[in-house]
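Fold and contact review
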Amino acid sequence: MNDAKSQPWYKLYASAVLELEPKHVSERVDAAEAAIHGRLRDLQNDSDHHEERQLMEDAQRTLALLRRSPETMRF
């Protein structure tokens, strides 16, 4: 099984989460969401990859929060 964190979608997701400039968050979120949707299409007929699917669900929730309020998500 491929390591989920080595997948392109995960790298784009991490880039969105770590983006420090609020004006760039939206484009990074868009790219990560597109990559996740693409990966889910790739896995559509695959009954494996449960851990990766869970990571993608978690990532989608986090990206939705970032999209709503990128300025307030920074610590």
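Residues numbered from 1 in each chain as written. Predicted model: local features only at pLDDT ≥ 70, side-chain atom pairs only at ≥ 80, totals over all residues. Heavy atoms only, no water.

**Remarks on the packing of helix 2 (residues 22-42) against helix 3 (residues 50-68)**
Put simply, the rule reads: Every axis in this analysis is a line fitted to C-alpha atoms, fitted for helices over the stretch in contact. Angles between the N-to-C directions lie between 0 and 180 degrees. Counting from the N terminus, the helices are the DSSP runs of H or I reaching at least four residues and the strands are the DSSP runs of E reaching at least two. These descriptions rest on fixed angle ranges, namely under 35 degrees for roughly parallel, over 145 for roughly antiparallel, 65 to 115 for roughly perpendicular, and the rest for oblique. Note on convention: the crossing is left-handed when the near helix lies turned anticlockwise from the far helix by less than a right angle, right-handed when the turn is clockwise. Note on definitions: a residue-residue contact is assigned when non-hydrogen atoms from the two residues lie within 4.5 Å. All residues other than Ala, Val, Leu, Ile, Met, Phe, Trp, Tyr, Cys, Pro, Asp, Glu, Lys and Arg, Gly among them, are scored as polar; the first ten of these are nonpolar and the last four charged.
Close contact between helix 2 and helix 3 brings their axes to 10 Å; oriented N to C, the two are set at 155°. Considered as vectors, helix 2 and helix 3 are oriented roughly antiparallel to each other. Two packed elements cross with a definite hand, and for helix 2 against helix 3 that hand is left-handed. Residue-level inspection shows Val25, Ser26, Val29, Asp30, Ala32, Glu33, Ile36, His37, Arg39 and Leu40 of helix 2 in contact with helix 3, the latter providing Glu52, Met56, Ala59, Gln60, Leu63, Leu66 and Arg67. Its residues placed into classes, the contact of helix 2 with helix 3 shows 9 nonpolar, 3 polar and 5 charged.

**Quick notes on the nonpolar core**
Note the cut-off: Think of a nonpolar core as a cluster: buried Ala, Val, Leu, Ile, Met, Phe, Trp, Tyr and Cys residues, connected wherever their side-chain atoms sit within 4.5 Å. The cut-offs for exposure are 20% and 50% of the maximum accessible area for each residue type, with area from a 1.4 Å probe on protein chains only; residues under the lower value are buried, those over the upper are exposed, and the others partly exposed.
In this structure, Trp9, Tyr13, Ala16, Val25, Val29, Ala32, Ile36, Leu43, Met56, Ala59, Leu63 and Leu66 together form the largest nonpolar core, which totals 12 residues. In contact with isoleucine 36, not counting residues within four places along its chain, are Trp9, Met56, Ala59, Gln60 and Leu63.

**A closer look at the confidence of the model for the chain**
The following threshold applies: Every residue gets a pLDDT, meaning the predictor's confidence in that residue, from 0 to 100.
Of the residues in the chain, 89% reach a pLDDT of 70 or more, and the chain-wide mean stands at 89. Helix 3 is the least confidently modelled element of the chain, averaging 94 in pLDDT, while helix 1 (residues 8-18) averages 97, the highest of any element.

**A word on the side chain of histidine 49**
Condition: N or O atoms within 3.5 Å of each other form a polar contact, as long as, within protein, one can give a hydrogen and the other can take it, and as long as residues adjacent in sequence are counted only when both atoms are side-chain atoms.
Along the polypeptide, histidine 49 turns up in the loop between helix 2 and helix 3. Exposure remark for histidine 49: the relative accessible area of 11% places this residue in the buried category. Here the side chain of histidine 49 touches aspartate 46 through a polar contact of 3.1 Å, side chain to side chain.

**Structural notes on the packing of aromatic side chains**
Our working definition: Ring pairs are drawn from Phe, Tyr and Trp, using the six-membered ring of Trp, whenever the two centres fall within 6.5 Å, and their geometry is named by plane angle: stacked under 30 degrees, edge-to-face over 60, tilted for the rest.
Enumeration over the complete set of coordinates arrives at 2 aromatic pairs. The interplanar angle of 80° and the centroid separation of 5.5 Å between the aromatic rings of tryptophan 9 and tyrosine 10 together place this pair among those described as edge-to-face. Cluster of aromatic residues (ring-pair linked, three or more members): Trp9, Tyr10 and Tyr13.

**Describing the pattern of salt bridges**
What counts here: Counted as salt bridges are all cases of a side-chain nitrogen of Lys or Arg within 4 Å of a carboxyl oxygen of Asp or Glu.
Applying the stated criterion across every chain yields a total of 5 salt bridges. Ionic pairing is found between aspartate 30 and arginine 67, a salt bridge with its closest N-O pair at 2.6 Å. On the criterion of sequence distance, the pair formed by aspartate 30 in helix 2 and arginine 67 in helix 3 is long-range, its members being 37 residues apart. Note on aspartate 30: relative accessible area 38%, which makes it partly exposed.

**So, helix 1**
Going by this rule: As used here, the arc is the angular range of directions from the helix axis to the C-beta atoms.
Every buried residue of helix 1 is listed here: Trp9, Tyr13 and Ala16. Looking straight down helix 1, one finds that the buried residues subtend no more than 60° of arc, so they occupy a single side. Exposed side chains of helix 1 directed beyond 90 degrees from the buried face belong to Pro8, Lys11 and Leu18. Packed against the buried residues of helix 1 are helix 2 and helix 3.

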